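Examination of the molecular architecture
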Amino acid sequence: MKNIFYILISLSALILLNSCGDDIPTDYVEEVYVEGYMLVGEPIRNIVVAKTQPVTVKYNQENALYRDAQVVIKGDGREFPLKIESSGVTGFYAEDQDYLVKAETEYTLEITTPDGKFITGFTTTPETIEWVSDMPKPLQFPKDTLNPPTSDPISWTKAEGVDYYLISVKALDTLEYGKYLDDVPDSELNRRIERPWTDDDGYFYDTSMWAFIPNTHTSIVWAIFKWFGNQATTVFAPDSNYRKWFQQQWTGSRYDENLSSITGGIGVFGSASLVRDTTFLIKNQP
């Protein structure tokens, strides 16, 4: 989901068109950009507050981030003041990290910038979901005659009001392989899963893959794996804010202000419940 953050920061200049014969103007209106998610069962964290930058200058993340904004989340009968993480990259987090976000609860985000801008957003967290059938352990890829892969689908319970689910598969260790297995030398390293469409190294820089489905079950799609070895699978049941924001990236990473869930700025304040599982993807050859 981070790709859309950088695209929005780079491309969010608002161009003022005067006439067809005029030179292309460079004026723009600076906007406050927010990207924050409340994940059920996890602490409040990773609330990014930034400002847009003109397309005529090189993007500078340090200049984009708001470090001294006042950020508060209210909900569950409490008020949570947020402070910024030391590097600023992952944004703001609640000082009380023992508090875990609750399901079916409304939370409100309030931001006041040093120059007096006031930005708000709200979300109602979905109900919790649980695994019905989790990932087989281990997995074999690709199919061979000695150790064929399972065809069992993974499935989870439905969250009321949620029609689309997000699935993330992430390689947890792109280097080590043998140290996780008893019958393989510790020195054996992991490797990429090469396919005709993966000849660009950039494909592997992001170790995760995403899917977007209108079901509570799915067969295991082998093309979603980028590496062998340890894998983490996460299923998200998103609220409408989270879902609409994800759809923008899914359909081409274009920003549509009608899909923003922020008042006084642009961006998203959404939520999701989720389930996680890990498995090990075995190579059919060294």
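These notes cover the structure that comes with them. Going along each chain's sequence as written, the residues are numbered from 1 onward. Note on the predicted model: pLDDT of at least 70 is required for a residue's local features to be given, and 80 or more for side-chain atom pairs to be given and counted; whole-chain, interface and lining totals, by contrast, use all residues. To obtain the side-chain values, all non-hydrogen atoms of the structure were used and water was disregarded.

Here we look at the overall build of the protein chain
Looking only at helices and strands, the protein chain features four helices and 15 strands. Accessible area is worked out with a 1.4 Å probe on protein chains only. A residue is then buried under 20% of its type maximum, exposed over 50%, and partly exposed in between. Every one of the 286 residues in the protein chain was classed for burial, and the buried ones make up 46%. Should any heavy atoms of two residues lie within 4.5 Å, those residues are counted as being in contact. Of the contacts made within the protein chain by residues no fewer than 6 positions apart, 69% connect residues no fewer than 24 positions apart. Under the convention used here, a 1.4 Å probe and the Shrake-Rupley method define accessible areas, while residue burial counts only the protein chains that appear. Accessible area of the protein chain: about 15,000 Å², with a carbon and sulfur share of 50%. Only DSSP runs of H or I covering at least 4 residues are called helices, and only runs of E covering at least 2 are called strands; the numbering of each starts at the N terminus.

Structural notes on the side chain of Thr234
Mapping Thr234 onto the fold places it in strand β14 (residues 229–238). A residue is classified by how much of its surface remains accessible, and Thr234, at 7% relative accessible area, is buried. Among all residues touching Thr234, those that are not within four sequence positions of it are Leu166, Ile167, Ser168, Leu274, Val275 and Arg276.

Regarding the nonpolar core
Definition used in this section: a nonpolar core is a set of buried Ala, Val, Leu, Ile, Met, Phe, Trp, Tyr and Cys residues joined via side-chain atoms within 4.5 Å. Among the nonpolar cores identified, the biggest contains 26 residues, and Ile129, Trp156, Tyr165, Tyr177, Phe225 and Val235 are the most heavily contacted of them. Put simply, the parts of the chain that give this core at least two residues each are β10 (154–156), β11 (165–171), β12 (208–213), β14 and β15 (266–283). In terms of residues, this core owes the most to one element, β15, which gives four residues. Once residues lying within four places of it in the same chain are set aside, the contact partners of Tyr177 are Val184, Glu188, Leu189, Asn190, Phe228, Gly229, Phe280, Leu281, Ile282 and Lys283. Grouped together as the second largest cluster of nonpolar side chains are 22 residues, Val32, Tyr66, Ala94 and Phe269 included.

Overview of helix α4 (residues 240–250)
Along α4, the residues classified as buried are Asn241, Tyr242, Trp245, Phe246, Gln248 and Gln249. One face of α4 carries all of its buried residues, which in axial projection span an arc of 150°. To obtain the arc, one takes the directions from the helix axis to the C-beta atoms.

Quick word on the sheet that holds strand β6 (residues 106–112)
Spatially, β5-β4-β3-β6-β7 is the arrangement adopted by the five strands of the open sheet, whose pairing is antiparallel. The open sheet is flanked by β5 (92–94) and β7 (118–124), the only strands paired with a single partner. Ignoring strand direction, the axes of neighbouring strands in this sheet form an average angle of 25°. Whether two strands pair depends on DSSP finding at least two bridges between them. Here six bridges tie strand β3 (residues 70–75) to β6, and the two strands are oriented antiparallel to one another. Convention adopted: a line fitted to C-alpha atoms gives each axis, helices being fitted over their contacting stretch, and angles between N-to-C directions are expressed from 0 to 180 degrees.

Everything listed here is a matter of coordinates, which is why it stays silent on function.
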